[in-house]
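Next come the chains, spelled out residue by residue.
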Amino acid sequence: GESVGLHLPTLSVQEGDNSIINCAYSNSASDYFIWYKQESGKGPQFIIDIRSNMDKRQGQRVTVLLNKTVKHLSLQIAATQPGDSAVYFCAESRSPPDSGYALNFGKGTSLLVTP
Amino acid sequence: DTGVSQNPRHKITKRGQNVTFRCDPISEHNRLYWYRQTLGQGPEFLTYFQNEAQLEKSRLLSDRFSAERPKGSFSTLEIQRTEQGDSAMYLCASSLRLEGELFFGSGTQLSVL
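Residues numbered from 1 in each chain as written. Chains lettered and ligands numbered in written order. Predicted model: local features only at pLDDT ≥ 70, side-chain atom pairs only at ≥ 80, totals over all residues. Heavy atoms only, no water.

**Student:** Please clarify how the overall build of chain A should be interpreted in this entry.
**Tutor:** Within chain A, the secondary structure is distributed over zero helices and eleven strands. Sorting the 115 residues of chain A into buried and exposed places 45% on the buried side. The contacts of chain A with a sequence gap of at least 6 include a subset with a gap of at least 24, amounting to 54%. In the form shown here, chain A has an accessible surface area of approximately 5600 Å², with 46% of it arising from carbon and sulfur atoms. (Helix = DSSP H or I, 4+ residues; strand = E, 2+ residues; numbered from the N terminus. Buried < 20%, exposed > 50% of the residue type's maximum accessible area, 1.4 Å probe, protein only. Contact = heavy atoms within 4.5 Å. Areas by Shrake-Rupley, 256 points an atom, 1.4 Å probe, with all protein chains shown as cover.)

**Student:** What should I look at first to understand the state of the cysteines in this one?
**Tutor:** Working definition of a disulfide: a covalent bond connecting the sulfur atoms of two cysteines. Using the criterion set out here, one finds two disulfides over all chains in the structure. With its sulfur 1.8 Å from that of its partner, Cys23 of chain A forms a disulfide with Cys90 of chain A. With the S-S bond torsion at 50°, the cross-link from Cys23 of chain A to Cys90 of chain A turns out right-handed. Here Cys90 of chain A lies in strand β9 (residues 86-93) and Cys23 of chain A lies in strand β3 (residues 19-25), a separation of 67 residues in the sequence. Of the two residues examined, Cys23 of chain A and Cys90 of chain A, each falls in the buried class. Cys23 of chain B shares a disulfide with Cys92 of chain B; S-S distance 1.9 Å. Taking the sign of the torsion about the S-S bond as the criterion, the disulfide between Cys23 of chain B and Cys92 of chain B, at about -70°, is left-handed. With Cys23 of chain B in strand β3 (residues 19-24) and Cys92 of chain B in strand β9 (residues 88-95), the pair connects residues that are 69 residues apart, well separated along the chain. Assessed through its relative accessible area of 0%, Cys23 of chain B is described here as buried. (Disulfide = S-S within 2.5 Å.)

**Student:** What exactly am I supposed to notice about the nonpolar core here?
**Tutor:** Soluble globular proteins tend to bury their nonpolar side chains together. One finds Trp35, Leu73, Leu75, Tyr88 and Leu111 of chain A to be the most contacted residues of the largest nonpolar core, which totals 20 residues. Of all elements in the fold, only β2 (10-14), β3, β4 (32-38), β5 (45-51), β7 (62-67), β8 (72-77), β9 and β11 (109-114) of chain A reach the threshold of two or more residues within this core. For Leu111 of chain A, the contacting residues outside a window of four places in its chain are Leu11, Val13, Ser19, Ile77, Thr80, Asp84, Ser85, Ala86 and Tyr88 of chain A. Residues Ala67, Ile79, Cys92 and Leu110 of chain B belong to the second largest nonpolar core, which totals 19 residues. (Core = buried A, V, L, I, M, F, W, Y, C linked by side-chain atoms within 4.5 Å.)

**Student:** Quick question: what am I supposed to make of the environment of Pro25 of chain B here?
**Tutor:** Residue and element names in this part refer to chain B. Considering the arrangement of structural elements, one finds Pro25 in the loop between β3 and β4 (31-37). Counting along the chain gives 49 residues from Pro25 to Phe74, while the straight-line C-alpha distance between them is 6.3 Å. Excluding residues within four positions of it along the chain, Pro25 makes contact with Val4, Leu32, Arg69, Ser73, Phe74 and Ser94.

Written out as structure tokens, the structure is:
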């Protein structure tokens with residue numbers, strides 16, 4: 001069936017390095033993608049989103065890249081900080097949630113930032 | 001605090017009992033979502049409201065689960081005759097129309113013994 005998945009369950013990086021978290025999706029009808037960060041004991045927190053008519057979007061220290069040809073999404077975090085340690089989820093939807101379609105989340109990648 | 005609020009934060013119950021959770025969305029957010037999350041997994045969609053209307057329900061939402069949003073503001077999620085498999089974190093999220101971002105609460109952790 002349709003799925004959203006992540007290449008690596010865990011990622012360890014040194015403080016100050018750049019982090020790249022990857023995500024593959026299989027639903028060709030997906031046209032909206034979003035990254036969330038979840039810290040222990042808290043709900044997911046929005047990081048950045050991108051629509052299928054774009055291939056790159058930048059935020060503060062974060063960049064999302066979308067490759068629709070191979071159905072691949074990545075989150076790049078520049079100058080990773082200890083506060084970035086968390087589980088990161090990618091999610092997809094057939095259209096932005098303002099149309100009511102729910103987000104379909106992947107399993108998550110645990111990012112550990114070491115000093 | 002103007003974020004999404006969920007109560008209680010933790011709930012321990014015995015199998016077969018009924019439980020009810022409450023979610024207070026961000027004021028004026030007309031869209032409200034319930035998700036369920038088990039350890040090591042991403043959140044799974046359960047149901048969605050636009051104002052007081054429940055517009056979408058997942059196949060995960062068995063007939064033991066019922067959600068309401070009577071006045072289009074807060075919402076409740078009730079689980080009847082709880083089973084051990086119901087143990088999970090129940091997350092609520094809200095959004096404002098035309099915005100893509102969902103704002104999540106901290107969740108209610110349910111443990112069914």
